[in-house]
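Spelled out from the first residue to the last, the chains are:
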Amino acid sequence: MPDCLAAPQHRPQWDIFCQVIDNFGDIGVCWRLAAELGARGIQVTLRIDDASALAWMAPQGAPNVRVCSYDTVYAAHPDVVIEAFGCEAPAPYLHALAQHHVQCQQARQPLPVLINLEYLSAEDYVERCHRLPSRIMAGPAAGMTRWFFYPGFTERTGGLLREQALAQRQAQFDRTAWRTAHGIQAQDCAISLFCYEPTALPQLLQQISAPAPDWHPALIVTPGRATAAVQSTAWAAPLTPIYLPTRSQPEFDEMLWACDLNLVRGEDSLVRALWAGQPFVWHIYPQHDNAHHAKLDAFLDWLQAPASLRAFHHAWNGIADAATLPAITPALLQEWRDCALQARANLLVQSDLIAQLQPFAAEKS
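Residues numbered from 1 in each chain as written. Predicted model: local features only at pLDDT ≥ 70, side-chain atom pairs only at ≥ 80, totals over all residues. Heavy atoms only, no water.

With an unreviewed UniProt entry as reference, the protein is termed Protein-arginine rhamnosyltransferase, source organism Comamonas jiangduensis. Its UniProt record gives the protein the following Sequence similarities (unreviewed entry) comment, quoted word for word: "Belongs to the glycosyltransferase 104 family." Looking at the Catalytic activity (unreviewed entry) heading of the UniProt record, one finds this comment for the protein: "dTDP-beta-L-rhamnose + L-arginyl-[protein] = N(omega)-(alpha-L-rhamnosyl)-L-arginyl-[protein] + dTDP + H(+)". (UniProt positions renumbered as here; feature names shortened; annotations may be inferred.)

Structure follows, in structure tokens:
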């Protein structure tokens, strides 16, 4: 028998609040965050107002992660509360959290930390606003501080979500087997399409409908808006798209790894395309005031995108005339691949989002 028993260690408890707006990007990011926190030993409760997409996005769940409704009655006191993308936890929850905050102050115990995890951007304001506090003067959380944590692409930001096991997963992936299983030949240029409704889609479909001796395109279309957009667009034969069913996040990653060009949309898939290391084009979420134009250009500046890739992005996102969409060629794809690989290499030397988020929360407690 040992001389003494070790004192039980406190297991960190984190709550993540997520409100689903549309298009699965918000829930996609929040689930990846919750799952990877769980993989690193954090007990996570994902509080979400619509968890229906998790049935296909994460059918197996994840260790140390539980999902409950957004307004579930407050139970345990978490160490860290994350309000994702500017959402605000329900008033009763914040009131109870503030009361607990006061009790911890009085008892000189670690304080609960309230973090607003912001949207991803390469714009200059991100570095200026990252890690800034906002004292809450009124409302249910009065007396607490809300901290702003910004993901980003530089060392002066919070970094990007990246699983510790990602490199191993990619190394073990059988790209040839995946392509064979989906009817893609060795000489084919596989193009994945995950988009909204790009104005240049007709030009792209017409372009890849004309195979050449060194150009054998295979179009892989994801379900939802991308499928609807393709099926409502006319193009010349002989292009026959491959329509995919819904798939889990790991399966989505595998699609990106297997393809030669990934046309992605939103925040989560952009990050996954960067980790894939294949040529990609980002369909940024359109905003009515065209604020997304500056956001896209800031990203392209960080990426050091060659002129051809910048021109494709502008036409694809409706910034330039759709007729200016560059023709995809093997030489162009190689130029884009070199750019993507350099961007990934630059990101891999930086700390990932969770590796920065955990010590930040500990510091502020």
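Alright, that's what it looks like, and here's the rest.
Quick notes on the sheet that holds strand S6 (residues 133-135)
If you trace the seven strands from one edge of the open sheet to the other, you get S3-S2-S1-S4-S5-S7-S6, paired in mixed fashion. In this open sheet, the two edge strands, each paired with only one partner strand, are strand S3 (65-69) and S6. With strand direction ignored, the average angle separating the axes of adjacent strands in the sheet is 25 degrees. Where strand S2 (residues 43-48) meets S3, five bridges bridge the pair, whose relative direction is parallel. Pairing of Val44 across the sheet is with Val65, part of S3. (Pairing = 2+ DSSP bridges. Helix = DSSP H or I, 4+ residues; strand = E, 2+ residues; numbered from the N terminus. Axes fitted to C-alpha atoms, helices over the stretch in contact; angles between N-to-C directions.)

As for the environment of Gln109
Residue placement: Gln109 occurs in the loop between helix H3 (91-107) and strand S5 (113-117). Among the residues examined, Gln109 registers a relative accessible area of 45% and is labelled partly exposed. Spatially, the C-alpha atoms of Gln109 and Pro286 are 45 Å apart, while their sequence positions differ by 177 residues. (Buried < 20%, exposed > 50% of the residue type's maximum accessible area, 1.4 Å probe, protein only.)

A word on the environment of Glu335
In this structure, Glu335 sits in helix H13 (residues 330-348). Judged by relative accessible area, which is 36%, Glu335 ranks as partly exposed. Each C-alpha atom, one on Glu335 and one on Pro140, is 53 Å from the other, the two residues being 195 residues apart in sequence. Of note is the side chain of Glu335, whose polar atom sits 2.8 Å from the side chain of Ser308. (Polar contact = N/O pair within 3.5 Å; in protein donor to acceptor, adjacent residues only side chain to side chain.)

Remarks on the packing of helix H9 (residues 249-258) against helix H10 (residues 266-276)
Contact pair H9 / H10: the axes reach a minimum separation of 9 Å and the direction vectors enclose 50 degrees. Between H9 and H10, the crossing angle belongs to the class labelled oblique. Handedness of the H9/H10 crossing: right-handed. Along the contact surface, H9 presents Gln249, Phe252, Asp253, Leu256 and Trp257, while H10 presents Asp268, Ser269, Arg272, Ala273 and Ala276. Counted by class, the contact of H9 with H10 contains five nonpolar, two polar and three charged residues. (Parallel < 35°, antiparallel > 145°, perpendicular 65-115°, else oblique. Left-handed = near helix turned anticlockwise from the far one by under 90°. Contact = heavy atoms within 4.5 Å. Nonpolar A, V, L, I, M, F, W, Y, C, P; charged D, E, K, R; others polar.)

Re the pattern of salt bridges
Going through the model one piece at a time under the given rule, you end up with 19 salt bridges. Ionic pairing is found between Arg169 and Glu163, a salt bridge with its closest N-O pair at 3.5 Å. Residue Glu363 is joined to Lys364 by a salt bridge in which the shortest nitrogen-to-oxygen separation is 2.9 Å. Salt bridges sharing partners connect three or more residues here, namely Arg32, Glu163, Arg169, Asp253, Asp268 and Arg272. (Salt bridge = Lys/Arg side-chain N within 4 Å of Asp/Glu carboxyl O.)

Remarks on the packing of aromatic side chains
Using the criterion set out here, one finds 17 aromatic pairs in the structure. Measuring from centroid to centroid gives 5.4 Å for Phe312 and Trp336, while their planes differ by 75 degrees, and the two rings are edge-to-face. Placement of Phe312 in helix H12 (residues 307-316) and of Trp336 in helix H13 is noted, with a sequence separation of 24 residues between them. For the pair formed by Phe312 and Trp336, the shared burial category is buried. Taken together through their ring pairs, the aromatic side chains of Phe153, Phe280, Trp282, Phe299 and Trp302 make up a single cluster. (Phe/Tyr/Trp six-rings, centres within 6.5 Å; stacked < 30°, edge-to-face > 60°.)

Observations concerning the sheet that holds strand S11 (residues 261-265)
Strands in a sheet are paired, the pairing made by backbone hydrogen bonds, and the direction either parallel or antiparallel. The strand order across the open sheet built from five strands is S10-S9-S8-S11-S12, with neighbouring strands paired in parallel fashion. Bordering the open sheet on either side are strand S10 (242-243) and strand S12 (280-283), each of which pairs with just one other strand. By the bridge criterion, four bridges tie S11 to S12 in an arrangement that is parallel. Looking at the pairing, Asn262 lines up with Phe280 of S12.

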